[in-house]
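Residue-level listing of the chains:
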Amino acid sequence: MALLIYLDGELVPEEQAKISVFDHGVLYGDGIFEGIRAYNGRVFRLEAHLDRLYDGARALQLDIPLDRTQMTEAILETLRANQLRDAYIRLVVTRGVGDLGLDPQKCLRPTVFIIADAIELYPEEFYDKGLELITCSTRRNDPAALDAGIKSLNYLNNILAKMETTQAGVPEGIMLSSEDYVAECTGVNIFLVSSGKLITPPLHIGNLAGITRQVTIELAQQQGISASEELFRTKEVYCADECFLTGTAAELIPVVTVDGRSIGDGKPGPITKSLREAFADLTQSEGTPIYG
Ligand code: PXG
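A brief report on the enclosed structure follows. Going along each chain's sequence as written, the residues are numbered from 1 onward. Predicted model: local features are reported for residues with pLDDT of at least 70 only, side-chain atom pairs are reported and counted for 80 or more only, and whole-chain, interface and lining totals are derived from all residues. Each side-chain value is derived from all of the structure's non-hydrogen atoms; neither hydrogens nor water enter the calculation.

What follows covers the sheet that holds strand E16 (residues 288-289). Strand pairing follows a simple DSSP-based rule, namely that at least 2 bridges must link the two strands. Where helices and strands are cited, they refer to DSSP runs of H or I of at least four residues and of E of at least two residues respectively, numbered from the N terminus. Read from one edge to the other, the open sheet built from seven strands follows the order E2-E1-E6-E5-E3-E4-E16, with strand pairing classed as antiparallel. Sheet topology places strand E2 (10-13) and E16 at the edges, where each strand pairs with a single neighbour. In what follows, residue pairs with any heavy atoms lying within 4.5 Å of each other are defined as contacts. Each axis is a line fitted through C-alpha atoms, and for a helix only the stretch in contact is used; angles between axes span 0 to 180 degrees, taken between their N-to-C directions. Each of strand E1 (4-7), E2, strand E3 (31-39), strand E4 (42-43), strand E5 (87-94), strand E6 (111-117) and E16 is contacted by helix H3 (residues 68-81), which is oriented at about 40° to E6, the strand it contacts most.

Throughout, the term near means that a residue has one or more heavy atoms lying within 4 Å of the molecule or strand in question. Around the ligand lies a shell of 19 residues, among which Lys151, Tyr155, Glu184, Thr212 and Thr248 are the nearest. Side-chain polar atom of Glu184 to a nitrogen atom of the ligand: 2.6 Å apart, as the coordinates give it. Throughout this description, a polar contact denotes any pair of N or O atoms lying within 3.5 Å of each other; where both atoms belong to protein, one of them has to be capable of donating a hydrogen while the other can accept it, and for residues adjacent in sequence the pair is counted only when both atoms sit in side chains. One of the side-chain nitrogen or oxygen atoms of Thr248 is found 2.5 Å away from an oxygen atom of the ligand. Protein coverage of the free-state accessible area of the ligand, which is 550 Å², stands at 83%. Grid points spaced at 1 Å over the protein atoms alone were grouped into cavities, where a 1.4 Å probe fits but cannot get out, and pockets, open sets with protein on both sides within 12 Å along at least five of seven lines, with lining residues defined by an atom within 4 Å of a point. Grid points define the cavity or pocket, and a molecule sits in it when more than half of its atoms lie within 2 Å of them. More than half of the atoms belonging to the ligand lie within 2 Å of the grid points that define the largest pocket. When residues of the shell around the ligand are traced back to their parent elements, those giving at least two are helix H6 (211-222) and strand E13 (242-247). Any residue that is not Ala, Val, Leu, Ile, Met, Phe, Trp, Tyr, Cys, Pro, Asp, Glu, Lys or Arg is counted as polar, Gly included; the first ten are nonpolar and the last four charged. When the residues that make up the shell around the ligand are grouped by side-chain class, the tally is five nonpolar, nine polar and five charged. Computed with a 1.4 Å probe, the accessible areas rest on the Shrake-Rupley method; for each residue, only the protein chains presented here act as cover.

Further remarks concern the packing of helix H2 (residues 46-59) against H3. Close contact between H2 and H3 brings their axes to 11 Å; oriented N to C, the two are set at 120°. Compared by their axis directions, H2 and H3 come out oblique. Helix-helix and strand crossings are classified by hand; for H2 and H3 the assignment is right-handed. Each of Leu46, Glu47, Leu50, Asp51, Leu53 and Tyr54 in H2 lies in contact with H3, whose residues at this interface are Arg68, Met71, Thr72 and Ile75. The residue makeup of the contact of H2 with H3, split by class, is six nonpolar, one polar and three charged. For classification purposes, an angle smaller than 35 degrees is called roughly parallel, one larger than 145 roughly antiparallel, one from 65 to 115 roughly perpendicular, and anything else oblique. When the near helix sits turned anticlockwise from the far one by under a right angle, the crossing is termed left-handed; a clockwise turn instead gives a right-handed crossing.

Before going further, it helps to examine the pattern of salt bridges. By definition, a salt bridge exists where a carboxyl oxygen of Asp or Glu is found within 4 Å of a side-chain nitrogen of Lys or Arg. The final tally for this structure, using the stated rule, is 15 salt bridges. Between Asp51 and Arg68 there is a salt bridge whose closest N-O contact spans 2.7 Å. With Asp51 in helix H2 and Arg68 in helix H3, this pair connects stretches of sequence that are 17 residues apart. Burial here depends on accessible area, computed with a 1.4 Å probe over protein chains only, as a share of the maximum for the residue type. Under 20% is buried, over 50% is exposed, and the range in between is partly exposed. Classification of Asp51 by relative accessible area gives partly exposed; the value is 38%. With relative accessibility at 28%, the residue Arg68 sits in the partly exposed group. Each of Arg37, Glu251 and Arg276 takes part in one network of salt bridges that share partners.

Candidates for patches are residues over 30% relative accessible area with no salt bridge; among them, like charges are joined within 9 Å and nonpolar side chains (Val, Leu, Ile, Met, Phe, Trp, Tyr) within 5 Å. In this count, Lys and Arg are taken as positive residues and Asp and Glu as negative ones, while His and the chain termini are left out. For charged residues, the charge sits on one atom: NZ in Lys, CZ in Arg, CG in Asp, CD in Glu. Residues Glu14, Glu15, Asp117 and Glu120 make up a contiguous surface patch of negative charge. You can see Glu15 is positioned in the loop between E2 and helix H1 (24-28). Its relative accessible area of 49% is what places Glu15 among the partly exposed residues.

Right, let's talk about empty space enclosed by the protein for a bit. Grid points are joined across faces, edges and corners, and a volume is the space filled by probe spheres set on the points. Scanning the model with the defined rule gives two cavities of 30 Å³ or more in all. There is about 90 Å³ of room inside the largest cavity. In terms of lining residues, the largest cavity is bounded by Arg140, Asn141, Leu146, Asp147, Ala148, Ile150, Lys151, Ser152, Asn154, Tyr155, Asn158 and Leu208. Taken as a whole, the second largest cavity encloses approximately 60 Å³ of empty space. The wall of the second largest cavity is formed by Arg37, Tyr39, Phe44, His49, Ile211, Thr212, Gly247, Thr248 and Phe279. When residues of the lining of the second largest cavity are traced back to their parent elements, those giving at least two are E3 and H6.

Here is the structure:
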């Protein structure tokens, strides 16, 4: 069945969901996006995703033509139109149609589209066995050039790193900051467990303020596990007891080797498993209802 896509106020069949070649989202990657999940008839952490979207828009002086209530309704309507209860939602706001110059002044109205589809889950064995990672040579964008907190449509830096991981035959890779600290992976945040404590890199070195990252910190605190933001390098990853990644699509996923070194005993660790279970419980019980 063809998906119905929300495009600028209308729900249209996917083959009619087209945007202009003069849209600055296409010409320059000028725009922002969100990847959101719905579980069991509820949208998970919708408010946090909207905060990130509207903050990014403010930073870019991008005037989203829907307020938060209208945006929420647009997301829920798209899910309802496609009769979805468990879904991946891609929400995109571009600068809109302009001319062939960088200046967004002539872009009169941002384009908004929402795709909601069945989620393509990672293979179960990734969770059972854990992932192998490499360290990518492509650095994460310097936050002085582009703030990583803005989830912009310009993902080339992550795409180049992703191509490195594919060529190495692994599903993800660590991206370092320009000063060689571990920042995050190509589309997920990173956590280490060392001596029973959780550490993740601070946001200021240029990683995305992941919603799943934040939820993980909250769940750790509820379990009495200390969680802190600290700078670390690849050596600390190699020597960690456990390592896992977090993201909306991947949820919490264990890592068992990095650059050929086994992490801990080379199997998914107990803290990773316990946080993953707590995350699964939370996603089944919390969220904005789609069907009232
Ligand atoms: N870091 C980056 C660079 C991301 O793009 C995350 C971390 C995790 O954030 P959330 O809020 O989802 O916990 C993301 C997530 C993909 C893909 O295909 C990933 C993301 C967006 C689009 C595609 O892996 N973003």
